[in-house]
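One letter stands for each residue in the lines below.
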Amino acid sequence: GLLCGAAFILVAMVSTVTSYADLRNRASVGTGFDGVVRVSAGGYYGTGVLLYDGQAVLTAAHLLANTSDKPLVHFETTAGTQTLSSTSVLVHPGYDSSSNNDLALVWLSRPAPLSAERYTLYRSADEIGQVGTLVGYGRPGTGASGAPSTYTGDPIRQKASNLMEADTALLKRAYGSALGWTPLPGSQLMADFDSGQAQTDALGLFLNIHDLGLGASEGVITPGDSGGPLFMSGEVAGIASYSTSLNLNGHSPDADGVANGSYGELAVWQRVGYYEQWVDQNLRKAYANAPTRPEDVQKNVPEGNSGTSYAYFLVQFTGTRSSPDQVVSVDYSTRDGSAKAGQDYVATTGVLKLYPGEDHAVVPVEIVGDNLYEPDEVFYLDVTHPVGGSFGQGIVTLTAMRTIVNDDPSWS
């Protein structure tokens, strides 16, 4: 018969092939991961990732679902360490005991440090078969010995790679009631921790999806925290949710039989592309004073004296959808004029989707405040590649301009 021994663990750190002292495993400051943050609440901490608007962090629901504490968000960047409080938390309303919909949004009390990267969502549906980069804080470990039950050092931000091999729901389809939980089809990405040996190739043994790993760059999530991002092409493709050690149909690939991040274990990420509408629309709801009509658009925006504020670009769809449930989209990217990215505004690029029932949405661009006198400056947003509509015959790009108005005095 079928045997199932499943142990869920709270996760988001990285267990690697080599020791955490190996700098190849370190997601050091200034290497593109400074928007990966530590989130603490209710006496525990997890990991999260700063999203494209610079104001919201995406993390795991199970970290925050059972506490009324407002999380603290800890940044580690080239500008040093910084802790920000939060104003609100939204746990996905569908979060359940099978770890479905295991996502939460945390809004910061003030804009994130400029030195922290902002990340867009991975919106393609081709994650299976791709290698992703997992990043997180927590107890470090190795595949040979797993993560220790205690770790007394400071939390370390680590990274590793793994191949996303399957939709987690395939396990349920293959093993039915022998699997003690029911993953929502299409919503989770699964990988195993390979040692290079067939006996620890869990998905090879369970689902005939054979792969022996990535060598020294291979890693998996381990006990300690939750909510760490999985990156593909620099975008957030997954959020670390849980890991498990399985006994199925006489196969026991876990190297030591303990759910501790050792070789042969399985790890699962919530697939962010499945939830893009939930993320996008809830971020949009939080934008203060965002325009909804062309006459409300503010084309001249004050610079401010510190932090960042938003300049909004309004995108409207005036065409007819081929069906009521059609999603239309455009690509967008900021472009320098006399205003320079990184100095006067935060560069952004991505895809704006209008979901069923929506005919408009805004692209927020962060304006950098300072106390230096400078002339008014301009920058641009280019909109391209319409899907589900067009810009008109022969038009391939729409461009809008914003003027950053100096509000600092001139001193002679």
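Up top is the structure.
What comes next concerns the included structure. These figures come from a predicted structure and were not determined experimentally. (Residues numbered from 1 in each chain as written. Predicted model: local features only at pLDDT ≥ 70, side-chain atom pairs only at ≥ 80, totals over all residues. Heavy atoms only, no water.)

**Focus: helix α4 (residues 276–285)**
Phase 1 of the analysis: The element α4 is largely enclosed, with a buried count of seven among its ten residues.
Phase 2 of the analysis: As for α4, its buried residues are in contact with β4 (56–59), β6 (80–91), β7 (104–108), β20 (349–354) and β21 (360–368). (Buried < 20%, exposed > 50% of the residue type's maximum accessible area, 1.4 Å probe, protein only. Helix = DSSP H or I, 4+ residues; strand = E, 2+ residues; numbered from the N terminus. Contact = heavy atoms within 4.5 Å.)

**Here's the deal with the packing of aromatic side chains**
Phase 1 of the analysis: Inspection of the entire model under this criterion finds eleven aromatic pairs.
Phase 2 of the analysis: Geometrically, the ring pair formed by Tyr-287 and Tyr-312 is tilted, given 6.1 Å between the ring centres and 45° between the ring planes. Of this pair, Tyr-287 sits in the loop between α4 and β17 (300–302) while Tyr-312 sits in strand β18 (residues 308–316); the two residues are 25 residues apart in sequence, bridging distant segments of the chain.
Phase 3 of the analysis: Consider the rings of Phe-313 and Phe-379, whose centres lie 5.9 Å apart with planes at 75°: the pair is edge-to-face. On the criterion of sequence distance, the pair formed by Phe-313 in strand β18 and Phe-379 in strand β22 (residues 377–387) is long-range, its members being 66 residues apart.
Phase 4 of the analysis: An aromatic cluster is built from Phe-33, Tyr-119 and Phe-231, whose rings are joined through pairwise contacts. (Phe/Tyr/Trp six-rings, centres within 6.5 Å; stacked < 30°, edge-to-face > 60°.)

**Details of the pairing of β21**
Phase 1 of the analysis: Of all the nine residues making up β21, eight are buried; the element is thus mostly covered by neighbouring parts of the structure.
Phase 2 of the analysis: As paired elements, β18 and β21 share nine bridges and run antiparallel to each other. Pairing of Ala-311 across the sheet is with Val-365, part of β21. (Pairing = 2+ DSSP bridges.)

**Quick notes on the nonpolar core**
Phase 1 of the analysis: In this structure, Leu-51, Leu-58, Phe-231, Ile-239 and Leu-283 are the most contacted members of the largest nonpolar core, which totals 28 residues.
Phase 2 of the analysis: Listing elements by their share of this core, those giving two or more residues are β4, β7, β15 (235–244), α4 and β18.
Phase 3 of the analysis: Look past the residues within four positions of Leu-283 in its chain and what remains in contact with it is Leu-51, Tyr-52, Asp-53, Ala-56, Leu-105 and Trp-107.
Phase 4 of the analysis: Counting 21 residues, the second largest nonpolar core, distinct from the first, contains Val-301, Val-328, Val-363 and Phe-391. (Core = buried A, V, L, I, M, F, W, Y, C linked by side-chain atoms within 4.5 Å.)

**Regarding the environment of Gly-257**
Phase 1 of the analysis: Within the fold, Gly-257 resides in the loop between β15 and β16 (266–271).
Phase 2 of the analysis: Gly-257 gets classed as exposed once you look at its relative accessible area, which sits at 59%.
Phase 3 of the analysis: In this structure the C-alpha to C-alpha distance between Gly-257 and Leu-246, which are eleven residues apart in sequence, comes to 8.6 Å.

**Section: the sheet that holds strand β11 (residues 166–167)**
Phase 1 of the analysis: As summarised here, the arrangement of the seven strands in space is β10-β8-β14-β15-β16-β12-β11, forming an open sheet in which the pairing is antiparallel. Single-partner strands in this sheet number two, and they are β10 (158–163) and β11.
Phase 2 of the analysis: In this structure, strand β8 (residues 131–136) lies alongside β10, joined through six bridges in antiparallel fashion. Bridging across to β10, Gly-136 finds its partner in Gln-158.

**Quick look at the environment of Thr-308**
Phase 1 of the analysis: Along the chain, the position of Thr-308 falls in strand β18.
Phase 2 of the analysis: Using a relative accessible area of 15% as the deciding quantity, one classes Thr-308 as buried.
Phase 3 of the analysis: Residue contacts for Thr-308: discarding those within four places in its chain leaves Pro-111, Leu-114, Glu-366, Ile-367 and Val-368.
Phase 4 of the analysis: Engagement of the side chain of Thr-308 in a polar contact is seen with the side chain of Glu-366, the distance being 3.0 Å. (Polar contact = N/O pair within 3.5 Å; in protein donor to acceptor, adjacent residues only side chain to side chain.)

**Side note on the side chain of Ser-161**
Phase 1 of the analysis: Summarising the element assignment, Ser-161 is placed in strand β10.
Phase 2 of the analysis: Overall, the relative accessible area of 17% leaves Ser-161 in the buried class.
Phase 3 of the analysis: Not counting residues within four places of it along the chain, the set of residues in contact with Ser-161 comprises Val-131, Gly-132, Thr-133, Leu-134, Leu-214, Ser-217, Glu-218 and Gly-219.

**Brief notes about unusual backbone geometry**
Phase 1 of the analysis: Positioned with a positive phi, Asn-289 is a non-glycine residue whose angle comes to about 60°.
Phase 2 of the analysis: Along the chain, Asn-289 falls in the loop between α4 and β17.
Phase 3 of the analysis: A relative accessible area of 77% means that Asn-289 is categorised as exposed.

**Remarks on the side chain of Asp-53**
Phase 1 of the analysis: Looking at where Asp-53 falls in the secondary structure, it is placed in the loop between β3 (44–50) and β4.
Phase 2 of the analysis: It is Arg-118 that comes nearest to the buried, bridge-free Asp-53 among opposite-charge side chains, at 7.4 Å.
Phase 3 of the analysis: Polar contacts involving the side chain of Asp-53 include one to the side chain of Tyr-287, which spans 3.5 Å.
Phase 4 of the analysis: In this structure Asp-53 touches Leu-283, Tyr-287, Tyr-310, Pro-364 and Glu-366, once residues within four positions along its chain are discounted. (Lys, Arg positive; Asp, Glu negative; His and termini not counted. Salt bridge = Lys/Arg side-chain N within 4 Å of Asp/Glu carboxyl O.)

This is a description of form; function is not addressed.
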